[in-house]
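Overview (structure and organization)
Chain residues, written in single-letter form:
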Amino acid sequence: MNTRTARPALALAMTAAALTAAAPAFAGGTDVVKGKLSALAAGVDRGYEISGPVRLQRRADSTTVRLNVRGLQGRTTYMAHLHEAPCEQSGGGHYQDDPEGGTTPPNELWLTIETNPSGNGHAGSTEHWAVRDGDRSVVIHDAEDGAKIACADLPLG
């Protein structure tokens, strides 16, 4: 082996190893969880075929949720919220940063979905607190009566 080519290759390998060891996997920086929307019982009963991705990003000082949805009624406004329980429990109640606080933003994370004529929509929202660990979810509520029609699990922790 030629020492002229071996030394730079060894130095490069040692530098790469040092950089990898110095970069922690999470260390409180950013946590990303992805889920998939599906219709809950009330949504199925109403004839919805809801689907789409949901992404939650948690940082030390903020929580952001973004979603894309298909299968809703066209030209309609829907509300969605971060919920405190998984979809198997229909999401439970709205997640609150301060359980003793108010029932609106900024203590809760709300998303407003405006659908196009085909019933597709997207939404995003950020609040300035980090959601606590637990089996969280995002729930879409029916535009007419507020029933829970769709859900995506977002387990944290």
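Refer to the structure printed above.
An account of the accompanying structure is given in this report. Treat the numbers as computed from the prediction; the structure is a model and nothing was measured.

1. Focus on the nonpolar core
- Core analysis: the largest hydrophobic core is formed by 27 residues, its most contacted members being Ile-113 and Ile-140.
- Contributing elements (two or more residues each) for this core: strand S1 (30-39), strand S2 (51-59), strand S3 (62-69), strand S4 (77-83), strand S5 (110-114), strand S7 (134-141) and strand S8 (148-156).
- For this core, the leading source of residues is S8, giving five residues.

2. What about unusual backbone geometry?
- The omega torsion of the bond from Pro-105 to Pro-106 falls at 10°, within 30 degrees of zero and hence cis.
- Topologically, Pro-106 is positioned in the loop between S4 and S5.
- Of note, the phi angle at Ser-90 is positive, near 55°, even though the residue is not glycine.
- Residue position: Ser-90 is located in the loop between S4 and S5.
- Using a relative accessible area of 32% as the deciding quantity, one classes Ser-90 as partly exposed.

3. Observations concerning the sheet that holds S4
- The strand order S5-S4-S7-S8-S1-S2-S3-S6 describes an open sheet built from eight strands, whose pairing is antiparallel. Since the sheet does not close on itself, it has two edges, and those belong to S5 and strand S6 (121-127), each with one partner. Averaged over all pairs of adjacent strands, the angle between their axes in this sheet comes to 20°, without regard to strand direction.
- Where S3 and S6 come together, seven bridges link them in antiparallel fashion. Counterpart to Thr-64 in the pairing with S6 is Thr-126.

Conventions adopted
- Each chain has its residues counted from 1, running along the sequence as written.
- Residues qualify for local features only when their pLDDT is at least 70, as the model is predicted, and side-chain atom pairs are given and counted only at 80 or more; totals for whole chains, interfaces and linings, by contrast, use all residues.
- In computing side-chain values, all of the structure's heavy atoms are included and hydrogens and water are not.
- Put simply, buried Ala, Val, Leu, Ile, Met, Phe, Trp, Tyr and Cys residues joined by side-chain atoms within 4.5 Å make one nonpolar core.
- Buried means the residue's accessible area, taken with a 1.4 Å probe over protein chains only, is under 20% of the maximum for its type, while exposed means over 50%, and partly exposed covers the values in between.
- What counts as a helix is a DSSP run of H or I of at least four residues, what counts as a strand is a run of E of at least two, and both are numbered from the N terminus.
- Strand pairing is assigned whenever DSSP identifies at least 2 bridges connecting the two strands.
- All axes are obtained by fitting lines to C-alpha atoms, using only the stretch in contact for helices, and the reported angles, taken between N-to-C directions, cover 0 to 180 degrees.

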